[in-house]
Amino acid sequence: MRCLVAIVDEGSFTDAAVALGVSQAAVSRTLASLERALGVRLLRRTSREVTPTATGLRVVAQARRVLGEVADLVREATSGHTRVRIGYAWSALGRHTLAFQRRWSGAHPETELQLVRVNSGTAGLAEGACDLAVVRRPLDDRRFDSAIVGLERRLCAMAADDPLARRRSVRLSDISGRTLLIDRRTGTTTELWPPDSRPSTEDTHDVDDWLTVISTGRCVGMTAESTANQYPRPGIVYRPVRDAEPIAVRLAWWRDDPHPATQAAIELLTALYRTG
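In this numbering scheme, every chain counts its residues from 1 along its sequence in written order. Local features in this predicted model are restricted to residues whose pLDDT is 70 or higher, and side-chain atom pairs enter the listing and the counts only when it is 80 or higher, whereas totals over whole chains, interfaces and linings include all residues. For the side-chain quantities, the full set of heavy atoms in the structure was used; hydrogens and water were omitted.

Visitor: I would appreciate a short explanation of the pairing of strand E5 (residues 132–135) in the present structure.
Guide: Where a strand is regular, its side chains alternate between the two sheet faces. Exposure is judged per residue with a 1.4 Å probe applied to protein chains only, and the accessible area is read against the type maximum: over 50% gives exposed, under 20% gives buried, and values in between give partly exposed. Put simply, DSSP marks the helices as runs of H or I at least four residues long and the strands as runs of E at least two long, and each gets a number from the N terminus on. Both faces of E5 are covered, namely the face carrying Leu-132 and Val-134 and the face carrying Ala-133 and Val-135. A pair of strands counts as paired when DSSP detects no fewer than two bridges linking them. Relative to E5, strand E3 (residues 83–88) runs parallel, the two being bridged by three bridges. When the bridges of E5 are listed, Gly-87 appears paired with Ala-133. Across four bridges, the pairing between E5 and strand E12 (residues 247–254) is antiparallel.

Below, the structure is given as structure tokens:
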């Protein structure tokens, strides 16, 4: 396909050979092999020019797309040292997000940092959408490893006119009689209560939907403090849950194929949470 595209772009077998760094005979053999494999004629050859046949035009167009996809694949496979993608499900790193981005850019200008939101249990790691993932519960999949980089308080999200909103903080017992809106793929909220006193629940799958329903007053939510920082919303207030254990923030990666930037990311995030 590269040979075919080169002939069309350069206008002759001789110039295509120069562009590809091979002999003219090699170009001729390669094109003949492609035509035999496809069972069609791709080029018209005269003493003055080489032009694509009607079928050849269609094949050249498709070949360009395929070669472009191959180039993208190569870039993706070899970009480990020049880019790191960090996935998150809901709220990235909260108030540390901007500081992390800026400090990373200053300390590692050779490695581009991309934050990717993927609402799954592994924040995009299992799906191949990222190289590292910020998660807030242990991953029980042996394919992954993780390190705790910090702790965050648990907050209760509620409508601004909720009676609990008048308090500076709440307790788990204040919420047990309410309806709790949860995302079962990413959250561990209901485990905070004994089995016989857990609140009733409704499911959601997106943080924007979560906020919208809570603002109506029909449900309340439990979340990490990073959510309050990243998603302030008119009509919603967040109150600390003072008897709930903090949430461990973890950075996760593929156990058998860690990204080269893994240790640097762990160290920077740990420092931000420690000093923050």
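Visitor: It is not clear to me how the side chain of Thr-97 should be interpreted in this structure. Could you clarify?
Guide: The topology assignment puts Thr-97 in helix H5 (residues 97–107). When residues no more than four places from it in sequence are discounted, the contact partners of Thr-97 are Ser-91, Ala-92, Leu-115 and Gln-230. By definition in these notes, contact holds between two residues if any of their heavy atoms fall within 4.5 Å.

Visitor: Any chance you could explain the packing of helix H1 (residues 2–10) against helix H2 (residues 13–20) here in plain terms?
Guide: When two helices pack together, their arrangement is given by the angle between the helix axes and by the axis-to-axis distance. What counts as an axis is a line fitted to C-alpha atoms, over the stretch in contact for a helix, and the angles between N-to-C directions run from 0 to 180 degrees. It is at 8 Å that the axes of H1 and H2 come closest, and there the two elements cross at 120 degrees. The orientation of H1 with respect to H2, classified from their angle, is oblique. The interaxial crossing formed by H1 with H2 has right-handed handedness. Across from Arg-2, Cys-3, Ala-6, Ile-7 and Glu-10 in H1, the residues of H2 making contact are Phe-13, Asp-15, Ala-16, Ala-19 and Leu-20. Put simply, Ala, Val, Leu, Ile, Met, Phe, Trp, Tyr, Cys and Pro go in the nonpolar bin, Asp, Glu, Lys and Arg in the charged bin, and everything else, Gly too, in the polar bin. By residue class, the composition of the contact of H1 with H2 is seven nonpolar, no polar and three charged. Relative orientations are named as follows: roughly parallel for angles under 35 degrees, roughly antiparallel for angles over 145 degrees, roughly perpendicular for angles from 65 to 115 degrees, and oblique for any other angle. Two helices cross in a left-handed way if the nearer one is turned anticlockwise from the farther one by less than a right angle. They cross in a right-handed way if the turn is clockwise.

Visitor: I'm lost on the pattern of salt bridges in this one. Help?
Guide: For side chains of opposite charge, pairing can occur when their charged atoms come near one another. Any Lys or Arg side-chain nitrogen located within 4 Å of an Asp or Glu carboxyl oxygen qualifies as a salt bridge. According to the stated counting rule, one finds 13 salt bridges in the structure shown. Of the charged contacts, one joins Arg-117 and Asp-206 as a salt bridge, the two residues approaching to 3.1 Å between their closest N and O atoms. In this pair, Arg-117 is assigned in strand E4 (residues 112–117) and Asp-206 in the loop between strand E9 (200–203) and helix H7 (207–215), connecting sequence segments 89 residues apart. Notably, a salt bridge pairs Arg-143 with Asp-141, separated by 2.7 Å at the nearest N-O pair.

Visitor: What should I look at first to understand H2 in this one?
Guide: What sets the pattern is the α-helix's 3.6 residues per turn: residues three or four places apart point alike. Buried residues of H2: Phe-13, Ala-16 and Ala-17, and no others. For H2, the angular spread of buried residues about the axis comes to 105 degrees, placing them on one side. Turned more than 90 degrees away from the buried face of H2, the exposed residues are Val-18 and Ala-19. A positive phi of about 75 degrees marks Gly-21, the residue just after H2. The arc in question is formed by the directions pointing from the helix axis toward the C-beta atoms.

Visitor: Explain the sheet that holds strand E7 (residues 154–159) to me, please; I cannot follow it from the model alone.
Guide: Two modes of strand pairing occur in sheets, parallel and antiparallel, and in both the strands are linked by backbone hydrogen bonds. Strand order in the open sheet formed by three strands is E10-E7-E11, with antiparallel pairing between adjacent strands. Looking at the sheet topology across the chains shown, the edges are occupied by strand E10 (221–224) and strand E11 (236–240). Adjacent strand axes in the sheet meet at a mean angle of 35 degrees when their direction is disregarded. As paired elements, E7 and E10 share four bridges and run antiparallel to each other. Looking across to E10, one finds that Arg-154 is bridged to Ala-224.

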